[in-house]
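Notes for the structure review
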Amino acid sequence: MITVENLVKEFGTKRAVNGVSFTVQKGEVLGFLGPNGAGKSTTMRMLTGYMPPTSGKVSIGGREVTEDPIAAKKLVGYLPESAPSYSDMTVRGFLSFCAELRGLSGSARNDAIQRVAGLCFLENVLHQSVDTLSKGYKHRTCLAQALIHDPEVLVLDEPTDGLDPNQKHEVRQLIKRMGQTKAIIFSTHILEEVEACCSRAIIIDRGVVVANGTPEQLKLRARNAGSVTLRLTGAAAEAVRGKLSGLSLAGEVSLGADGSVVTARILPRDKNVGLELGRAIGDLALTERWKVEELHTEEGRLDDVFRAITTADTKKS
Amino acid sequence: MSESFRNIWTVTKRELSGLFASPVAYVFLVIFLLLLGFLTFSLGGFFERGQASLSESFFYWHPWVYLLLVPAVGMRLWAEERRQNTLELLLTMPIAPWHAIVGKFLASWLFLVLALVLTFPIVITVGRLGSPDYGSIISGYIGSALLAGSFLAVTELTSAMTRNQIISLIMALVVCFGLILCGFEPVTNLIQDTLGDTFVSLLRSLSTWYHFDAFKRGVVDFRDLLYFGSVTGFCLFTTSVVLRGVRGA
Ligand SMILES: Nc1ncnc2c1ncn2[C@@H]1O[C@H](COP(=O)(O)OP(=O)(O)OP(=O)(O)O)[C@@H](O)[C@H]1O
Ligand SMILES: [Mg+2]
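Residues numbered from 1 in each chain as written. Chains lettered and ligands numbered in written order. Predicted model: local features only at pLDDT ≥ 70, side-chain atom pairs only at ≥ 80, totals over all residues. Heavy atoms only, no water.

**Points about the overall build of chain B**
When helices and strands are counted, chain B shows 14 helices and zero strands. Its helices and strands taken in sequence order, chain B reads α-α-α-α-α-α-α-α-α-α-α-α-α-α from the N to the C terminus. Expressed along its principal axes, the backbone C-alpha trace of chain B runs to roughly 55 × 45 × 35 Å. Across the 249 residues in chain B, those meeting the buried criterion constitute 53%. Put simply, 75% of the contacts in chain B that link residues at least 6 apart link residues at least 24 apart. With the model as given, the accessible surface of chain B reaches about 11100 Å², and the carbon-plus-sulfur share is 71%. One finds the centroid of the 16 positive side-chain charges in chain B at a distance of 9 Å from the centroid of its 15 negative side-chain charges. (Helix = DSSP H or I, 4+ residues; strand = E, 2+ residues; numbered from the N terminus. Buried < 20%, exposed > 50% of the residue type's maximum accessible area, 1.4 Å probe, protein only. Contact = heavy atoms within 4.5 Å. Areas by Shrake-Rupley, 256 points an atom, 1.4 Å probe, with all protein chains shown as cover. Lys, Arg positive; Asp, Glu negative; His and termini not counted. Charge placed at Lys NZ, Arg CZ, Asp CG, Glu CD.)

Here it is as C-alpha cells:
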C-alpha cells in the first residue's frame, strides 16, 4: 500500500532525509524508530503529501503523492506530530468538519463520528470545546480525526505521546487490531510499543535507514543476542568446557565456578542460529546427566540494538 | 467541480461558524456600523450637503473604514493555522490548497458583505429625504464589496506569511494604505509636480481609491471590475505560492 523509493528532503544545505526506501503492505504495522531529529516526522510529512520531497517517490495504493495528491490523500489517515486541532471548535464540530472534508455527510458522517468517538473514548467530551480539553484528550481528538474515514493507510506520528498508561495500552491494541486490515506506519520512542504491536520495524538515523526487519530479527542484532547461559552442578568445569566447545553451533565459551556450581556463557558461532544453540545445549546436558539449574537464551533487547546503531550521532556532534 | 465546490463550502462554513462563535464578530459589526455612521453624519456632513446622494458623504469613507477593519478580520486566516499547526492537518486533507484559500476568503468576504448590507438604513434615509439616484447607490455598494474583497485578499496573503496575527495585521495595513494613497487626490496632487503626469497616472491606476471612485459616481466600468478582480486574484494566487513555501518546498 505504501511504497517509498529513495526519498530525499533537503532543508537548505541540510539533508534531513537521505535516500529512504521501504514498503508497507496491507496487514502490516511498521514501527518507525530513530533518535530525535532523525527525520521521522519529515518522512511522514512527505508520505502524507504535506511536504514535497526534494527527490524520490512516494506512492500510496498505487497513486503517486506528488502526481495525484488528492487521490492519494483520500486513502490516508494522518496524525501529525503535534496532534493539532481547531481550538475554537467543539470536539464534535471538529470531527464533523474533518468528516466533511473526507466527503462524508448526513448520517454517514454522524455514524463515523460515533464510531471514532467510541474507538478513542471521546463520548463524554463530544460537546466540549477543544481548547478546554486536557492534553491527552486533545491528542485523542486528533487521532479520531485520522480514523474518521476508516482509511486503508494510517500514518501516525507518535500516536501514544502524552497518553496515560491505560490509554497507551488501548491505542496499542487499536493499532494492532487495525493493522490486520490496514497498512500502518507509526513512529515512536517507546521500544516496548514496537514489540507489542509492530510486525516490522525500521530504524532511521540522520536521514538514513540503518535497520529494517521484524522486531525479532532486530533484537538478534544486539551484541549479546543468542548467547546462552547455563548453570549446573555435578560436573567439573573443565569437562563442561570441553563438551560445550565440541558443539558445532557454539563459538566462544567462558566459564566461572563457585563451589560446585558451574556457570557457562556460550556465544553462538554466528548470529543466525537463534534458539538452536540453546536446544543443542539442553540435549547435551541430558546425555551428560548434568544437573541443570538454569538454561536460558539471551533474546537481545531492542534498546541495546537501538543504542548500538544510533549512538554514533551523539558522540559525533 | 461539484467536489471542489463542496470542499470550498465546507471550509467556508467552518470559518463562518468560528467567526460567529466568538464575540469578535459582533463587536466588529457594531464598530463598523458606528464608525461609518459617525463619519457619514458628522465629518461627511450628510445633512449639511442637502443632496440626496451618498457618494461623498457615505461611500467616501469606505476605503478608510476598510483600511482599519478588514486587516483585523483577515489577519488570523492563515497565521492562526500556522501557529496552531492545523495547517498540516488542513493541507493533508484530500482537498486542493486553493479550495482552502478560496473557502477562507469567501467566509470573511461574506461577513464583510453582511456588515455592508447592514448599512441599509442609510439608503432608506436618503430615500425619505429626497429622490436619490438608486443606480449610483447600487454601483457604490458593488464597488464597496469589491474594495473590501481586494483588501481582504491582501490580508489573506500577509496572513500566510507569518505565524503572528499582529504582524500580518500591520503588513496588510501598510499595503492597503499604500493602495489607497497612491490614488488619493491630496497625495497625487502633491507629487504631480515633482514626478510628472505619466508616473502619477500610472500610480493612480494601481490605486483602489481611484478605481472605487467611478463606482461611487455610478459608473460600473469593465476596467475597474478587472482591477479589483485582478488584485484579489493575484493576492489569492500568491497566497498559494507562499503556502507552498511554508510547507517546506
Ligand atoms: N521546516 C524545516 N526547516 C528546516 N529544517 C527542518 C524542518 N523540519 C525539520 N527540519 C530538520 O530536519 C531534521 C529532521 O527532523 P524531524 O522532525 O523529521 O525529526 P524526527 O525524527 O521527527 O525527530 P523527533 O523524534 O524529535 O520527533 C531535524 O534536524 C530538523 O531540524
Ligand atoms: Mg518527529
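**Looking at helix α10 (residues 165-181) of chain B**
All names here are of chain B. The terminal C-alpha atoms of α10, which comprises 17 residues, lie 24 Å apart, in line with the 24 Å expected from a rise of 1.5 Å per residue. Within α10, the full set of buried residues consists of Ser168, Leu169, Ala172, Cys176, Leu179 and Ile180. Projected onto a plane normal to the axis of α10, the buried residues spread over an arc of 100 degrees and lie on a single side. The inward-facing, buried residues of α10 abut α4 (62-74), α9 (134-160), α13 (208-216) and α14 (222-246). Its side-chain oxygen 2.8 Å from the backbone nitrogen of isoleucine 166, asparagine 164 forms the N-cap of α10. (Expected span 1.5 Å × (residues − 1). Arc of directions from axis to C-beta. Polar contact = N/O pair within 3.5 Å; in protein donor to acceptor, adjacent residues only side chain to side chain.)

**Focus on the sheet that holds strand β8 (residues 183-187) of chain A**
Residue and element names in this part refer to chain A. Taken in spatial order, the six strands line up as β6-β7-β8-β3-β9-β10 in an open sheet, and their pairing is mixed. Two strands bound the open sheet, and with one partner strand each, they are β6 (76-79) and β10 (208-213). Strand after strand, the sheet turns through a mean of 15 degrees between neighbouring axes, direction not considered. Pairing of strand β7 (residues 153-157) with β8, which is carried by five bridges, proceeds in the parallel orientation. Note that in β8 the partner of aspartate 157 across the bridge is serine 187. Running over the sheet, helix α5 (residues 135-147) touches β6 and β7 and is turned about 170 degrees from β6. Strands in contact with helix α6 (residues 165-178) are β3 (28-33), β7 and β8; relative to β8, the strand with the most contacts, it is inclined by about 150 degrees. (Pairing = 2+ DSSP bridges. Axes fitted to C-alpha atoms, helices over the stretch in contact; angles between N-to-C directions.)

**Quick look at the interface of chain A and chain B**
Every contact between the two is made by 28 residues of chain A and, on the other side, 26 residues of chain B. Counting the surface lost from both chain A and chain B, the interface buries some 2600 Å², and carbon and sulfur atoms represent 58% of this. Of all residues in chain A, Tyr50, Tyr86 and Leu101 of chain A bury the most surface against chain B, accounting for 30% of the area lost on that side. Between glutamate 3 of chain B and lysine 74 of chain A there is a salt bridge, with the nearest N and O atoms lying 3.1 Å from each other. Put simply, chain A and chain B have 12 residue pairs in polar contact (both at pLDDT 80 or more) between them. Only α2 (69-74), α3 (91-101) and α5 of chain A provide two or more residues apiece to the side of chain A that touches chain B. Looking at the side of chain A that touches chain B element by element, the count peaks at five residues for α3 of chain A. When its residues are assigned to classes, the side of chain A that touches chain B shows 14 nonpolar, seven polar and seven charged. (Buried area = accessible area lost by both parts, 1.4 Å probe. Salt bridge = Lys/Arg side-chain N within 4 Å of Asp/Glu carboxyl O. Nonpolar A, V, L, I, M, F, W, Y, C, P; charged D, E, K, R; others polar.)

**Brief notes about the packing of helix α8 (residues 120-129) of chain B against α9 of chain B**
Residue and element names in this part refer to chain B. Running from amino to carboxyl end, α8 crosses α9 at an angle of 165 degrees, the nearest separation of the two axes being 12 Å. With respect to α9, the element α8 is oriented roughly antiparallel. As for the relative orientation of α8 and α9, their crossing is right-handed in sense. When α8 is examined against α9, the residues Phe120, Ile122, Val123, Val126 and Gly127 are found in contact with a partner set consisting of Tyr134, Ile137 and Tyr141. (Parallel < 35°, antiparallel > 145°, perpendicular 65-115°, else oblique. Left-handed = near helix turned anticlockwise from the far one by under 90°.)

**Comments concerning the pairing of β10 of chain A**
All names here are of chain A. In the sheet, strand β9 (residues 200-205) pairs with β10 via five bridges, with the strands oriented antiparallel. Bridging from a neighbouring strand, isoleucine 204 pairs with valine 209 of β10. Hairpin connection, β9 to β10: the antiparallel pair is bridged by two residues, and arginine 206 has positive phi, about 45 degrees.

**A few points about the side chain of lysine 73 of chain A**
Within the secondary structure, lysine 73 of chain A is located in helix α2. Comment: no salt bridge for buried lysine 73 of chain A; closest opposite-charge side chain is aspartate 68 of chain A, at 9.8 Å. Among the polar contacts made by the side chain of lysine 73 of chain A, one reaches the main-chain carbonyl oxygen of leucine 91 of chain B at a distance of 2.8 Å. Other than its neighbours up to four places away in sequence, lysine 73 of chain A contacts Thr48, Gly49 and Arg102 of chain A together with Leu91, Thr92, Met93, Pro94, Ile95 and Arg247 of chain B.

**Looking at the confidence of the model for chain B**
When pLDDT is averaged along chain B, the result is 90, and 98% of the positions lie at 70 or above. In the predicted assembly, ipTM is 0.90 and pTM is 0.88. (pLDDT = per-residue confidence, 0-100.)

**Overview of the site of ligand 1**
Residues and elements named next belong to chain A. In the vicinity of ligand 1 there are 14 residues, among which Lys14, Gly37, Ser41, Thr42 and Glu81 approach most closely. The separation between an oxygen atom of ligand 1 and a polar side-chain atom of serine 41 is 2.6 Å. Relative to its unbound accessible area of 630 Å², ligand 1 is 67% covered by the protein chains. Elements that contribute at least two residues to the shell around ligand 1 include exactly β2 (14-24) and α1 (40-47). When residues in the shell around ligand 1 are grouped by element, the largest group, three residues, is from α1. Partitioning the shell around ligand 1 into residue classes produces four nonpolar, six polar and four charged. (Near = heavy atom within 4 Å.)

**Quick look at the packing of α4 of chain B against α9 of chain B**
Residue and element names in this part refer to chain B. At a minimum axis separation of 9 Å, α4 and α9 run at an interaxial angle of 40 degrees. The crossing of α4 and α9 is right-handed. Residues His62, Pro63, Tyr66, Leu67, Val70, Pro71 and Gly74 of α4 pack against Ser144, Leu147, Ala148, Phe151, Leu152, Thr155 and Ser159 of α9. The residue makeup of the contact of α4 with α9, split by class, is nine nonpolar, five polar and no charged.

**Here's the deal with helix α4 (residues 106-119) of chain A**
All names here are of chain A. The end-to-end C-alpha distance of α4 is 20 Å, a good match for the 20 Å that 14 residues give at a rise of 1.5 Å each. Residues of α4 that are buried make contact with α3 and α5. Positive backbone phi, approximately 55 degrees, marks phenylalanine 121, located one or two places after α4.

**Quick notes on the coordination of the magnesium ion (ligand 2)**
Residues and elements named next belong to chain A. Donor atoms from the polypeptide that coordinate the magnesium ion (ligand 2) comprise Ser41 (OG) and Glu81 (OE), at 1.9 to 2.1 Å from the metal. In this pair, serine 41 sits in helix α1 while glutamate 81 sits in the loop between β6 and α3, placing the two residues 40 residues apart along the sequence. On the basis of relative accessible area, glutamate 81 is assigned to the partly exposed category, the value being 32%. (Donors = N, O, S within 2.8 Å, 3.2 Å for Na, K, Ca; no water.)

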